[in-house]
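# Chain and residue survey
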Amino acid sequence: EFRRVLFRSSQPIPEQPVVRTAIRYPASAEQQQIEGKVTLSITIMPDGSVRDVRVVNATPRGVFDQSALQSVSHWRYKPSGVIRTNVIVQIDFVLT
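This section reports on the structure supplied with the text. What you see is a predicted model, and the numbers here were worked out from it, not measured in a lab.

What follows deals with the nonpolar core. Val38, Leu40, Ile42, Trp75, Tyr77, Ile91 and Phe93 are the most contacted members of the largest nonpolar core, which has 20 residues in total. Looking at this core, the elements with two or more residues in it are strand S3 (36-44), strand S4 (50-59), helix H2 (65-72) and strand S6 (84-95). A total of 5 residues in this core trace back to one element, the largest contributor, which is S6. For Leu40, the contacting residues outside a window of four places in its chain are Val53, Arg54, Val55, Val56, Ala68, Leu69, Val72, Val87, Ile88 and Val89.

This paragraph deals with the pairing of S4. The pairing of S3 with S4 spans 7 bridges and is classified as antiparallel. Looking across to S4, one finds that Ser41 is bridged to Arg54. Once S3 ends, the chain turns through 5 residues before running back antiparallel as S4, passing Gly48 with a positive phi of about 95°.

About the thresholds
- Residues numbered from 1 in each chain as written.
- Predicted model: local features only at pLDDT ≥ 70, side-chain atom pairs only at ≥ 80, totals over all residues.
- Heavy atoms only, no water.
- Core = buried A, V, L, I, M, F, W, Y, C linked by side-chain atoms within 4.5 Å.
- Buried < 20%, exposed > 50% of the residue type's maximum accessible area, 1.4 Å probe, protein only.
- Helix = DSSP H or I, 4+ residues; strand = E, 2+ residues; numbered from the N terminus.
- Contact = heavy atoms within 4.5 Å.
- Pairing = 2+ DSSP bridges.

What follows is the structure, encoded as structure tokens:
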């Protein structure tokens, strides 16, 4: 089966991710044909690094959280010179 992980930000922000590390689809979720989504809140630092990554919501809870947290914490955005707090990022885990 092909698996997709979709990213979208619900807030229009001037910064765009320039580095997005691959998000791992958990093997157990894939084997059980589980799909879901994780909504994260992040802070984008002036240099484009990401800090304060936390799960705001996850469906189903506890299945995709770690994969999303580990990946997004390594993302980098185009430097803007300002701090952007509480930027909401949604990661969709979809089997197709």
